[in-house]
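Descriptive structure summary
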2 protein chains.
Amino acid sequence: MADPKMRFDTIVKNLRENNYKLTPQRLAIVKILSRSEGHPSVEKIYEYLQDDFPTMSLATVYRNVMLMKSLGEVLEIGFPDGSNRYDGNKPDPHPHVICVQCKKIIDPDLSTLKDMTEEVANETGFKILTHRLDFFGICRDCTNNR
Amino acid sequence: MADPKMRFDTIVKNLRENNYKLTPQRLAIVKILSRSEGHPSVEKIYEYLQDDFPTMSLATVYRNVMLMKSLGEVLEIGFPDGSNRYDGNKPDPHPHVICVQCKKIIDPDLSTLKDMTEEVANETGFKILTHRLDFFGICRDCTNNR
DNA sequence: TATTATATGATAGTTATTATTTTTTAGATT
DNA sequence: AATCTAAAAAATAATAACTATCATATAATA
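Here we summarise the structure given alongside this text. (Residues numbered from 1 in each chain as written. Chains lettered and ligands numbered in written order. Predicted model: local features only at pLDDT ≥ 70, side-chain atom pairs only at ≥ 80, totals over all residues. Heavy atoms only, no water.)

**A look at the relation of the copies chain B and chain A**
Take chain B, turn it by 180°, move it 0.1 Å along the axis, and it overlays chain A with an RMSD of 0.1 Å. In the structure described here, the two chain copies are related by an operation that fits a two-fold rotation axis. Of all interface residues in chain B, 97% are interface residues in chain A too; the two copies therefore contact each other through one and the same surface. (Least-squares fit on C-alpha atoms with pLDDT ≥ 70 in both. Contact = heavy atoms within 4.5 Å.)

Okay, here's the thing in structure tokens:
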């Protein structure tokens, strides 16, 4: 896990360089994303912020998460049900292991994983922009608690 | 690509064994899925069937695609925008290369791909049920035509 | 502190999907 | 072959997650 403080500074720097305004709401969202504990959903980020910003609109969270995504500062993890979760702590593509029951997301260390992007580009003629490698299953907790 | 006729027969056999009724609508949907040319969406399947079944409901396509999915006879390919495409010709998990512009989906031959499922299971304690490996980029056609 | 482009909050709209209800029908049974 | 019944289809309402719109507020700057 990257240091949340450093990620926060990096993202704020990126925002500054692109002349985005640093509103309190935006910074609060960035702060949560820079840690991204538990790979939060937009809804979850919104909930976290209810204490400090009781009048904040859900749309503001959506707008800001999308902005960070467009700046390459958050990785979107799409669920089969259409919902999304976000990682602003490790924004580059990396594998996930997802519990289909409790929706927990883990970042495994896959020592044998080699980058196949170049091979795919060569074989298909595509310019590869990104990729995803996600495993779905039942975590130990969910297996035991039943 | 598997022989569509054989896939059709396999799926119909599965339906029979589980006592699902073989309605004309269902069989028509299965026929399209067993070929899955271009990895169709539900909407696309619905369009294909307008000629033969002008009164068919979109919900019927959804219900049947979901049924085939629950029987393990189709693979769902989720797009970042939340929409889904389906493959009933090769229903087991396999990598995809997806053009983010024209939405074309290609199945590449990745010689170096080894199955990491066991490694992930060992490292995380998850019971892995399925996985996905998808590359996103711009295809050759879309690169040239602009 | 005045200006202005941008961001926010409130809310309406959209899209893909799922649920509900009534009608129809496949396949079994007489 | 006619009847029966659970399952499926059609029509449509409801939902969830997101996206657009617009009036108001505010961060950055001059």
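**Quick word on the pattern of salt bridges**
It is possible for side chains bearing opposite charge to pair when their charged atoms get close. Residues and elements named next belong to chain B. Throughout the structure, instances matching the rule amount to 18 salt bridges over all chains. Residue D141 pairs with K104 through a salt bridge whose shortest N-O separation is 3.2 Å. Placement of D141 in helix 6 (residues 140-144) and of K104 in the loop between strand 3 (96-99) and strand 4 (105-106) is noted, with a sequence separation of 37 residues between them. Under the relative-accessibility criterion, D141 is labelled partly exposed at 43%. (Salt bridge = Lys/Arg side-chain N within 4 Å of Asp/Glu carboxyl O. Helix = DSSP H or I, 4+ residues; strand = E, 2+ residues; numbered from the N terminus. Buried < 20%, exposed > 50% of the residue type's maximum accessible area, 1.4 Å probe, protein only.)

**With respect to the environment of C99 of chain B**
Mapped onto the secondary structure, C99 of chain B falls in strand 3. With 95 residues separating them along the chain, C99 of chain B and P4 of chain B place their C-alpha atoms 25 Å apart.

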